[in-house]
Amino acid sequence: MGWFDALLGRSKPARPDLDALFALPSAAISLQVAMAFAPAGQGSVCFRAAEGAAFAELQSDIQALLGKVEISQDSYGYTWLLARNDDISGLVTDLHAVNSTLESAGFGPSLLCTLVSFANPTGRRLALVYLYKQGTFYPFAPLDRERRDNALELQARGVLAAELKIEPDLSRWFPVWGAPGL
């Protein structure tokens, strides 16, 4: 960042660190011990699909790489790729592969977020969401009728603060209603 940018109050966006996803298996242990939330075996990557044959071929390559992967589109026009793997380390590796493949093909700016789902014995859901453009995580705890459990999200933040780079700006903890795998 140059002095002119500093003078105008501009800041350089954080460089995404996809390897941060590999901290999720140890964070999963902390969630299980402290809050009884275990990995649900599902995770998804959200991105804005590009038009054209090159992107369609890339999606096909990702499906071939990971085997059975579900692709869906939400009401905002984002594409979600859902991966399933009961082993949290394997799931994180799969999600990292999707992100890395998209990024190395030049579609990094299209990536929005990656999430991994957790559930407790009563069926409550919690997701850890990685914001690609910020390089940070935040917890998302959906309730019924598009409400969220803010207290549970803040509790999860406290449990995970030492293990994950948590997004400090709560206004960026956007809800991912209807995200596949959640």
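As the structure is a computational prediction, the values presented were derived from the model and not from experiment.

Calculation criteria
Per chain, residues are indexed from 1 in the order of the written sequence. A pLDDT threshold of at least 70 governs which residues receive local features in this predicted model, and a stricter bar of 80 or more applies before side-chain atom pairs are shown or counted, although totals over entire chains, interfaces and linings include all residues. Side-chain metrics in this entry use all non-hydrogen atoms of the structure; hydrogen atoms and water are not considered. Buriedness for pockets is judged along seven lines, at least five of which must meet protein on both sides within 12 Å for an open set on the 1 Å grid over protein atoms alone, while cavities are sets there where a 1.4 Å probe fits but cannot get out, and lining residues have an atom within 4 Å of a point. Grid points are joined across faces, edges and corners, and a volume is the space filled by probe spheres set on the points. Helix and strand definitions follow DSSP, with helices as H or I runs of at least four residues and strands as E runs of at least two, each counted in order from the N terminus. With a 1.4 Å probe rolled over the protein chains alone, any residue whose accessible area is under 20% of its type maximum counts as buried; one over 50% counts as exposed, and the rest are partly exposed. For two strands to be treated as a pair, DSSP must find at least two bridges joining them.

Engineer: Pulling in residues and values, what's your account of the layout of surface pockets?
Structural biologist: A probe matching the size of a water molecule, rolled over the atoms, marks out where space remains unfilled. Roughly 260 Å³ of volume is contained in the largest pocket. Lining the largest pocket we find 18 residues, and of these Asp74, Tyr76, Trp80, Val176 and Trp177 sit closest to its centre. Elements supplying a minimum of two residues to the lining of the largest pocket: strand S2 (70-73) and strand S4 (111-119).

Engineer: Please provide a residue-by-residue account of the pairing of strand S1 (residues 38-47), values included.
Structural biologist: Counting buried residues along S1, 7 of its 10 residues qualify, which places the element largely inside the surrounding structure. Sheet analysis places S1 next to S4, joined by 7 bridges and oriented antiparallel. Within S4, the residue paired with Cys46 across the bridge is Cys113. The sheet contact formed by S1 and strand S3 (residues 79-84) spans 6 bridges and is antiparallel. In the sheet register, Gly43 faces S3, and the bridge partner there is Ala83.

Engineer: Give me the pairing of strand S5 (residues 125-131): which residues, what numbers.
Structural biologist: Of all 7 residues in S5, 6 are buried; the element is thus mostly enclosed. Pairing of S4 with S5, which is carried by 7 bridges, proceeds in the antiparallel orientation. Each residue of the ladder has a partner; that of Val116, found in S5, is Leu128. The antiparallel hairpin formed by S4 and S5 contains 5 residues in its connecting segment, where Gly123 sits at a positive phi of about 95 degrees. Here S5 runs beside strand S6 (residues 136-140); their pairing, made up of 5 bridges, is antiparallel. Bridge assignment links Leu128 to a residue of S6, and that residue is Pro139.

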